[in-house]
Amino acid sequence: VSVQCPAVPAGSGEVEVPRSVTAVLGQDVVLPCRYRAQEQEEVVQVTWLKRVPGGGQSAKVAVLDRWHGEHVQEPYGGRVLRHAGTAALEDSGIVLRN
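All values reported here derive from a predicted model rather than from experimental measurement. (Residues numbered from 1 in each chain as written. Predicted model: local features only at pLDDT ≥ 70, side-chain atom pairs only at ≥ 80, totals over all residues. Heavy atoms only, no water.)

Visitor: Explain the overall build of the protein residue by residue, including any values.
Guide: Check the secondary structure of the protein and you find zero helices and nine strands. Across the protein, helices and strands are ordered from the amino to the carboxyl terminus as β-β-β-β-β-β-β-β-β. Split into buried and exposed, the 98 residues of the protein put 26% on the buried side. Long-range contacts, defined here as pairs at least 24 residues apart, represent 39% of the contacts in the protein between residues at least 6 apart. Accessible surface, the protein: about 6,700 Å² in total, of which carbon and sulfur atoms supply 49%. (Helix = DSSP H or I, 4+ residues; strand = E, 2+ residues; numbered from the N terminus. Buried < 20%, exposed > 50% of the residue type's maximum accessible area, 1.4 Å probe, protein only. Contact = heavy atoms within 4.5 Å. Areas by Shrake-Rupley, 256 points an atom, 1.4 Å probe, with all protein chains shown as cover.)

Structure, rendered in structure tokens:
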């Protein structure tokens, strides 16, 4: 399964993600994603996407929004949670539950 942390426009801050994440079958896995904003930037929404094999259109997994909260798409409801690190969207890691 390939899930990607959101991309950002050129000239913006920097997205920090590990090169790879190891998951153990039957256990939850944390997918970290941190955005290092440039001065006067504010993160208002983060969208997590699942890559579709064969290069097709990516599927939306979850949207984290500063004003509208979190929304997890079906069929991921109950299996995708916000990582408990911080409430700030600059740290928008998620947990995939098994």
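Visitor: Please set out the pairing of strand β7 (residues 69–72) residue by residue, giving values where relevant.
Guide: For strand β6 (residues 59–65) and β7, the ladder comprises four bridges, and the chain directions are antiparallel. If you follow Leu64 over to β7, its bridge partner there is Glu70. Here β6 folds back onto β7 in antiparallel fashion, the turn holding three residues. (Pairing = 2+ DSSP bridges.)

Visitor: Help me get a handle on the sheet that holds strand β8 (residues 80–82), residues and values and all.
Guide: Taken together, the three strands give an open sheet; going across it, the order is β3-β9-β8, and neighbouring strands pair in antiparallel fashion. The sheet is open, and its two borders are formed by β3 (29–31) and β8, each paired with just one other strand. Strand-to-strand twist across the sheet, computed as the mean angle between neighbouring axes with direction ignored, equals 30°. Summarising the sheet, β8 and strand β9 (residues 94–96) pair through three bridges and their orientation is antiparallel. (Axes fitted to C-alpha atoms, helices over the stretch in contact; angles between N-to-C directions.)

Visitor: Any chance you could break down the pattern of salt bridges for me, citing the residues and the numbers?
Guide: Tallied over the entire structure, the rule returns three salt bridges. For Arg97, the salt bridge identified is with Asp28, shortest N-O distance 3.9 Å. Highlighted residues: Arg97 in the segment after β9 and Asp28 in the loop between β2 (14–16) and β3, separated in sequence by 69 residues. When its relative accessible area of 43% is taken as the criterion, Asp28 is described as partly exposed. With a shortest N-O distance of 3.5 Å, Arg66 and Glu42 are connected by a salt bridge. (Salt bridge = Lys/Arg side-chain N within 4 Å of Asp/Glu carboxyl O.)

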